[in-house]
Amino acid sequence: MIVRPHQHWFTRLFVWHGSVLQKIYSRLLLNLALSISVIFFLPWYEALGIKLTIAPFSILGVAIAIFLGFRNSACYARFNEARTLWGQLAITQRSFLREAKSLLGTDERQIKHFVNLQTAFCHALRLTLRKQPNEATLKKYLTQEELQWVLKSHAPCNRILQLMADWLADKRKQGLISDVVWSSLNHHLNELSAVAGGCERIAGTPVPFAYTLILHRTVYLFCIMLPFALVTDLHYMTPFLSVFISYTFISLDTLAEELEEPFGTEDNDLPLDAICNTIERDLHDMDESENLPEKLRPNRHYQLS
Amino acid sequence: MIVRPHQHWFTRLFVWHGSVLQKIYSRLLLNLALSISVIFFLPWYEALGIKLTIAPFSILGVAIAIFLGFRNSACYARFNEARTLWGQLAITQRSFLREAKSLLGTDERQIKHFVNLQTAFCHALRLTLRKQPNEATLKKYLTQEELQWVLKSHAPCNRILQLMADWLADKRKQGLISDVVWSSLNHHLNELSAVAGGCERIAGTPVPFAYTLILHRTVYLFCIMLPFALVTDLHYMTPFLSVFISYTFISLDTLAEELEEPFGTEDNDLPLDAICNTIERDLHDMDESENLPEKLRPNRHYQLS
Amino acid sequence: MIVRPHQHWFTRLFVWHGSVLQKIYSRLLLNLALSISVIFFLPWYEALGIKLTIAPFSILGVAIAIFLGFRNSACYARFNEARTLWGQLAITQRSFLREAKSLLGTDERQIKHFVNLQTAFCHALRLTLRKQPNEATLKKYLTQEELQWVLKSHAPCNRILQLMADWLADKRKQGLISDVVWSSLNHHLNELSAVAGGCERIAGTPVPFAYTLILHRTVYLFCIMLPFALVTDLHYMTPFLSVFISYTFISLDTLAEELEEPFGTEDNDLPLDAICNTIERDLHDMDESENLPEKLRPNRHYQLS
Amino acid sequence: MIVRPHQHWFTRLFVWHGSVLQKIYSRLLLNLALSISVIFFLPWYEALGIKLTIAPFSILGVAIAIFLGFRNSACYARFNEARTLWGQLAITQRSFLREAKSLLGTDERQIKHFVNLQTAFCHALRLTLRKQPNEATLKKYLTQEELQWVLKSHAPCNRILQLMADWLADKRKQGLISDVVWSSLNHHLNELSAVAGGCERIAGTPVPFAYTLILHRTVYLFCIMLPFALVTDLHYMTPFLSVFISYTFISLDTLAEELEEPFGTEDNDLPLDAICNTIERDLHDMDESENLPEKLRPNRHYQLS
Amino acid sequence: MIVRPHQHWFTRLFVWHGSVLQKIYSRLLLNLALSISVIFFLPWYEALGIKLTIAPFSILGVAIAIFLGFRNSACYARFNEARTLWGQLAITQRSFLREAKSLLGTDERQIKHFVNLQTAFCHALRLTLRKQPNEATLKKYLTQEELQWVLKSHAPCNRILQLMADWLADKRKQGLISDVVWSSLNHHLNELSAVAGGCERIAGTPVPFAYTLILHRTVYLFCIMLPFALVTDLHYMTPFLSVFISYTFISLDTLAEELEEPFGTEDNDLPLDAICNTIERDLHDMDESENLPEKLRPNRHYQLS
């Protein structure tokens, strides 16, 4: 994710990092080349009786803008829901630990074990969503035995949840907590499960592919045909407006595609590393541990992974 | 469902599978034929004093785009709610089994029976929503007696829920779980019931038919009249723009209709088979069963049933 | 409600039942008459120096479309919320009965009484919302004494809820259920109360009347003035486009008004009879009663009451 | 609030009460005067080389319509949330009383006291939101001692909630209800608190003032400049269209402002008196009291206070 | 925050405080200068064959308005969610205290301590979100020991929550409250945690930066190019319309940016000081304390900090 820097409105017109301009500049150059060549071929194709006016493009432009606006809302809603789920994860983990600590009192080793399971869950969820290998990270938090059992499964997060459930059931069996208290603590387990399930749903089911396809097609066809329509009116100014209008439409189409899959590692995706880091720091802080991990900060291009 | 492949932006312009183009190409060909014939009849109907300008079509086009955008939102919201309900189903089944296991401990036969009931519920819901026969699938998970009792009803899902409730009530009567714990487990039964009820609602109540009708009519009439308005301005270019604009409007109208009923088996419908497969695999994995069913994968046209 | 039939896209252009066309055809004929007379009076009023161009109508048309789109969303949201509340009713009644049965065991007479109260509640809610008399229907489900007590009140649903609450309190006093179990069952009573309250709210508070009024006025004034603006450009084609544009705007205005009050008995209102029928059938099926009521089906015009 | 009367579509074009027309007719007359004077000054300012065309107003008109549509949604959402909160209030009070009655049984005096506290809460909330004095109304429901204690505070609703909490705590201390039952009843207190808090939030935080300001300004400037742009095209017809377009924009701007503060006593504000009356009648009916207050009905202008 | 004053519609056209006009007037002056210079250079650049018509700007204008409308919704939703979270904070704190008081009875010192912790939490959240130092404020509410322990952490709110949890756990260990009651009270702690977590999420994750960037760019480029397009049609009137259209677009772009970060201290940000003040006053009032802090009121520019 790009962390929004505070910039002067004028400076911002020329920002390169974090915009989608990096991704689409080649397509805009193509549009520019097309617009320029159209100027030269204008006399030739006017002679053929071919003419395009701007009026039908006005209908098309507005229609596409409306549908693009709709797709953007849908993709942003996915991004936002994903962020809210990860926010929920942070909230639940903190409440879970607070309750566990205030109920079970002073057995520090048990609490440390529990904090490790909590942290492992967050990292496992992050790595699974990003399709990265789990082992190297998880072995910091799990015992050898736990690690092997977790990695044997196709769903490591789920197994870590089971480890937490076992930890809790163990306390109940020892008579340390009553059924009522168990029920209160167990509620957090269900919330963690809901967060993981929600993230899987977002990662597994994109916006219906036909939406993406129809809009992609209409946007690009529109931008390809636009210079031909603009040239009779604007002549030498065609390239300016053609590239400008194309930028507006293509950049929003491209951004929507980025936001649609918020768990990736692109510029506008969620900073899962940083969120995991925050949760880990918060949990260690609650446990008054001395060795808090270093806080992750954005790099010099304002990127936070 | 079509799983979104990662394609170059240029390749994507020519994708055939998963677009609604397959469904509507004949209508677009009709529009093409009309546009071409309009060019030839232009002198004849201009002589009659008939003229259509583009300006009123601009009002109509924008109005239709706005209403189409609204209907698309409504249909996508149904698709999204349906997906969320099935996501909820997966979450609940996993939490349910996790709680059951950690509370009831080690009686493996009982747990296996419970997992079978859970799996049967998912399949029964899927098959009921798709109006497919239940028997062949359910007999893998239910005993003969259970199966007969379930199939006797017009609402098999509901009966399977009752079997689960009986299983739970049985544990309570045996004194294995207190009322508090029963209440916690029973909550998941209510959630399963809510998922089934939500899906029935979506399947049973479409977007008000008059919306579908009004938009269908205005979109098609608009596309039929469009060539007559474009031809005076664009002449030989009429077919290009007429087909392009028609594609934009008709494809979105058609897609909205697909999304409106998300439980079908069309390209943009929900992959219920794959979701059931995932839930079944997750439950068996939690139960550390050896024989996990094979993971369902998209076919070579990126389709996931 | 009209159940959406599966029709060919071409057939659908000529559907009569279930569209709002039945309601508004006289207004469209008026618009047609006006458009035709405008053609004849054109030379006369051009001589007077009166001229209307299409450009200001373009601004108005788009503005009205946007506000109409907004009102449609608001009215559809009411329709959708109403449907969701009735879906919730079905879910709650089933969960309620399932819990009651699995906790109280085998006293069939008591359960039958409870099922009757549940069914009576659904019918009373339906009849109250539609402002139809309750007595004839309720006497099938309530004892004479109960019936009289219920009908004495201005809020029969609420009294039936009290009967259910008494039934439940009775079981608690007899020591059949603990406070925890009572709390779980009582939760369903609160949900039923919330459903009834939600429906009352929708029935009692329309979309602010001024919205309806402003949009009604602007839409109709727009349609009345439209032929005068179109005629200079389109001449003989005026009636076609004037009626087409009027159809688009007036039909959506009229549909929004229908959806605003979803508990009526118009074509696009909710099929409360059918939903009550489904709930009754489900409850009887859960109780393994022999005499399930017949399933309600749409009539030959695809209408479901 | 204006209760929507069932009117013929034609009659509705001339409705006066309940529209915002009462509020804005003077501004429309100003616009009319401006439009007429513009016709006379046209030759003079054309000689000065001043010309305004409709095209830039088309851009502005659509942009303003979109932003106005957005503000309307935001204000309507506030209205709707406020109505839902008051609906929640009715639901909670009824559930609260039902539970209290079925748990505490037959001590009628205690229940009557409780009903009085419930009613006092509703009235206090209504009067606080409308910034009207509480004393005259509250003394009907509270004892002298309670009344003085309640009125001493800047937050009477909150104190009445405390009285209800004390009533409940008293029952718990007497051993009439267990902790589980107390928890169930207390949940309703929290809901009442949430309703009051939600209403305070809506009353205390308007839509950001700059939205109101920017839209107010652009709408009025737009309407002021509009006649100058229309006059070159439309000449004598300018006043008709200028006033019509102004009506569309100004009435929606004004309505949004009314809906933004739904607790007032304007035509489109919530009928808090009627809602309180309904709750009071429902509670007395549940308590089988003889003297139900008279039902509030709309006056002859369909207004419900 | 600017508290909306009740103004005449005419006065409001000239309001300065609370509009974003203060922020953007220099940019509008730049636009004015550009528009004027364009008038003088018109003959010169027409001679060069450069021409810009308004039609492509119409497409652009509408497209930008739609996307700006979308971004405004997203930013307003953040503002609204932030306000709702703070509303939730007030509700929870009051319910928490009411429950604590009615359950624990008369130990005033304990309750006073608890009220201090509650107040400290609100202030710590406010100061953390605004990145202001905590110490000076918190030392009014916390003991020396508590203060040091809280300030040692990077997350003071979280530590105060732990102090509240300890307070609660202490009561449970003393046997003053049962597990059921503890569970009810503890629920409020989780809600406070959720409020803090929700605020952190809003503060930490802006709307994807590329949205801000793309819209900022297109809006400003549009406003820069607009005078060139308007001048051929409007000539001397160019500056009026150019500045007017620029004001509409730039002010909404700027306002969206303000609302995006609702925890700042700008004109349209949330009045966190006032909300904290209200909560503190309410809590003290519930505790019947004599020394309520003074109510915060807007300053003479209607600003509430």
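For the structure itself, consult the block above.
Below: a short report on this structure. Remember, predicted model here, so these are calculated numbers, not experimental data. (Residues numbered from 1 in each chain as written. Chains lettered and ligands numbered in written order. Predicted model: local features only at pLDDT ≥ 70, side-chain atom pairs only at ≥ 80, totals over all residues. Heavy atoms only, no water.)

Structural notes on the overall build of chain A
For chain A, the helix and strand inventory stands at 10 helices and 0 strands. N-terminal to C-terminal, the α/β element order of chain A is α-α-α-α-α-α-α-α-α-α. When each of the 305 residues of chain A is scored for burial, the buried share is 64%. Taking as baseline every contact in chain A between residues at least 6 positions apart, the subset at least 24 positions apart corresponds to 72%. In the structure as shown, chain A presents an accessible area of about 11,300 Å², 57% of it carried by carbon and sulfur atoms. The averaged location of the 30 negative side-chain charges in chain A is 2 Å from the averaged location of its 29 positive side-chain charges. (Helix = DSSP H or I, 4+ residues; strand = E, 2+ residues; numbered from the N terminus. Buried < 20%, exposed > 50% of the residue type's maximum accessible area, 1.4 Å probe, protein only. Contact = heavy atoms within 4.5 Å. Areas by Shrake-Rupley, 256 points an atom, 1.4 Å probe, with all protein chains shown as cover. Lys, Arg positive; Asp, Glu negative; His and termini not counted. Charge placed at Lys NZ, Arg CZ, Asp CG, Glu CD.)

Digging into the interface of chain D and chain E
Taken together, the 64 residues of chain D in the interface contact 72 residues of chain E. Here chain D meets chain E over a buried area of about 6,300 Å², counting both sides, of which 67% is carbon and sulfur. Considering only the surface of chain D that becomes buried against chain E, Ile 59, Phe 209 and Arg 217 of chain D emerge as the three largest contributors, covering 12% of it. Taken together, the connections running from chain D to chain E amount to 3 salt bridges. Across the pair Arg 159 of chain D and Asp 285 of chain E runs a salt bridge whose closest N-O atoms are separated by 3.0 Å. Counting across the chain D and chain E interface gives 20 residue pairs in polar contact (both at pLDDT 80 or more). Of all elements in the fold, only α2 (21-47), α3 (55-104), α7 (156-173), α8 (179-204), α9 (209-234) and α10 (238-260) of chain D reach the threshold of two or more residues within the side of chain D that touches chain E. Examining the composition of the side of chain D that touches chain E, we find that 14 residues originate from one element, α8 of chain D, more than from any other. (Buried area = accessible area lost by both parts, 1.4 Å probe. Salt bridge = Lys/Arg side-chain N within 4 Å of Asp/Glu carboxyl O. Polar contact = N/O pair within 3.5 Å; in protein donor to acceptor, adjacent residues only side chain to side chain.)

Section: the nonpolar core
Counting 500 residues, the largest nonpolar core has Phe 222 of chain A, Phe 222 of chain B, Phe 222 of chain C, Phe 222 of chain D together with Phe 222 of chain E as the members making the most contacts within it. Not counting chain neighbours up to four residues away, the residues in contact with Phe 222 of chain B comprise Ile 59 of chain A, Phe 57, Leu 60, Gly 61, Ile 64, Ile 245 and Phe 249 of chain B together with Phe 244 of chain C. (Core = buried A, V, L, I, M, F, W, Y, C linked by side-chain atoms within 4.5 Å.)

Quick word on the relation of the copies chain D and chain E
Each copy of the sequence occupies a distinct position, and chain D is placed on chain E by a rotation of 72° and an axial shift of 0.0 Å, giving an RMSD of 0.0 Å. Expressed as an axis order, the relation between the two copies is that of a five-fold axis. With a heterologous cut-off of 20% or less, the 8% of interface residues of chain D that recur at the interface of chain E puts this contact in the heterologous class. (Least-squares fit on C-alpha atoms with pLDDT ≥ 70 in both.)

Quick notes on the interface of chain E and chain A
With 64 residues of chain E at the contact, the number on the chain A side is 71 residues. Here chain E packs against chain A, burying approximately 6,200 Å² in sum over the two surfaces, 67% of which is carbon and sulfur. Area buried by chain E at its contact with chain A is led by Ile 59, Phe 209 and Arg 217 of chain E, which between them contribute 12% of it. For the salt bridge of Arg 94 of chain A with Glu 200 of chain E, the shortest nitrogen-to-oxygen distance reads 3.3 Å. Elements with a minimum of two residues in the side of chain E that touches chain A: α2 (21-47), α3 (55-104), α7 (156-173), α8 (179-204), α9 (209-234) and α10 (238-260) of chain E. It is α8 of chain E that contributes the most residues to the side of chain E that touches chain A, 14 residues altogether. The residue inventory of the side of chain E that touches chain A, partitioned by class, reads 35 nonpolar, 17 polar and 12 charged. (Nonpolar A, V, L, I, M, F, W, Y, C, P; charged D, E, K, R; others polar.)

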